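A look at the structure
Next come the chains, spelled out residue by residue.
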Amino acid sequence: MKIMIAYDGSRNARLALAQTLTMFRDLTPVITLVAVAENPRDITAGNEDLFQQEVSELKQFLAEALEVCQKEDISAETMLLEGDARKMLLFAAEKKIHPDMLVIARHSHEPDGGFIARSLTHFVDELDYMTFGSVSSFLARRIQCPLLILPSR
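Residues numbered from 1 in each chain as written. Predicted model: local features only at pLDDT ≥ 70, side-chain atom pairs only at ≥ 80, totals over all residues. Heavy atoms only, no water.

Right, let's talk about the overall build of the chain for a bit. Per the secondary structure count, the chain includes five helices and five strands. Scanning the chain from its N terminus toward the C terminus, one meets helices and strands in the order β-α-β-α-β-α-β-α-α-β. Within the chain, buried positions represent 37% of all 153 residues. The long-range fraction of contacts in the chain, counting pairs at least 24 apart against all pairs at least 6 apart in sequence, stands at 76%. For the chain, the accessible area works out to roughly 9,400 Å², and carbon and sulfur atoms hold 53% of it. (Helix = DSSP H or I, 4+ residues; strand = E, 2+ residues; numbered from the N terminus. Buried < 20%, exposed > 50% of the residue type's maximum accessible area, 1.4 Å probe, protein only. Contact = heavy atoms within 4.5 Å. Areas by Shrake-Rupley, 256 points an atom, 1.4 Å probe, with all protein chains shown as cover.)

Looking now at the nonpolar core. Counting 23 residues, the largest nonpolar core has Ile5, Tyr7, Leu17, Ile31, Leu33 and Val103 as its most contacted members. Counting only elements with at least two residues in this core, the list comes to strand E1 (2-6), helix H1 (11-24), strand E2 (30-37), helix H2 (45-71) and strand E4 (101-105). Per element, the largest residue contribution to this core is six residues, and it comes from H2. Once residues lying within four places of it in the same chain are set aside, the contact partners of Ile31 are Ile3, Ile5, Thr20, Leu21, Ile74, Ser75, Ala76 and Glu77. Counting 18 residues, the second largest nonpolar core, distinct from the first, contains Leu90, Ala92, Ile97 and Ile143. (Core = buried A, V, L, I, M, F, W, Y, C linked by side-chain atoms within 4.5 Å.)

In this section: unusual backbone geometry. At Thr28, a position not held by glycine, the phi torsion is positive, near 40 degrees. By secondary structure assignment, the location of Thr28 is in the loop between H1 and E2.

A separate point is the sheet that holds strand E3 (residues 75-82). Across the sheet, which stays open at both edges, the five strands sit in the order E3-E2-E1-E4-E5 with parallel pairing between neighbours. Both outer strands of the open sheet, E3 and strand E5 (147-150), are each paired with one neighbouring strand and no more. With direction set aside, neighbouring strand axes in the sheet form an average angle of 20 degrees. Its contacts with the sheet put helix H3 (residues 85-97) on E1, E2 and E3, and the angle it makes with E2 is roughly 145 degrees. (Pairing = 2+ DSSP bridges. Axes fitted to C-alpha atoms, helices over the stretch in contact; angles between N-to-C directions.)

Counted residue by residue, E2 has seven buried out of eight residues, so it is predominantly covered. In the sheet, E2 pairs with E3 via eight bridges, with the strands oriented parallel. Bridging across to E3, Val30 finds its partner in Ser75.

Turning our attention to the packing of H3 against helix H5 (residues 135-142). Orientation of H3 relative to H5, taken along the N-to-C sense of each, is 40 degrees, at an axis distance of 9 Å. Classified by the interaxial angle, the pair formed by H3 and H5 is oblique. Considering only the axes of H3 and H5, their crossing is right-handed. Seen from H3, the contacting residues are Ala85, Arg86, Lys87, Leu89, Leu90 and Glu94; seen from H5, they are Val135, Phe138, Leu139 and Arg142. For the contact of H3 with H5, the class distribution of residues is six nonpolar, no polar and four charged. (Parallel < 35°, antiparallel > 145°, perpendicular 65-115°, else oblique. Left-handed = near helix turned anticlockwise from the far one by under 90°. Nonpolar A, V, L, I, M, F, W, Y, C, P; charged D, E, K, R; others polar.)

Next comes the structure, spelled out in structure tokens:
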């Protein structure tokens, strides 16, 4: 079974990797960990430095995730792409990897308290979805393979 995991090194991505390994270990999966460095919108020395820093961090996160897979005796490889995360993950899945399943972690924006905070968070999430779309909602509408969206804890 070929499983592609969108991986950015975040807490949620690490949890998604651990959950994927636990759920699919018996199927002896081949894991491809894909990270995407987003290009800065304008080319300035400061933005280029930030972009190179992001690339370096993603390389480190991918190396750490690869090590986790190796310790679990799971076959894995990594891929680092540049561009819009939504479009590059779709491109990787449909043109490069052809996975049996794509796994992504849903990022949480947990409110810190009561009804008003939850209501505002819900409103912002809906506005974000209608205006920009999240990575998971973008992929859910377009991807041709099964998509597993793992919630944050």
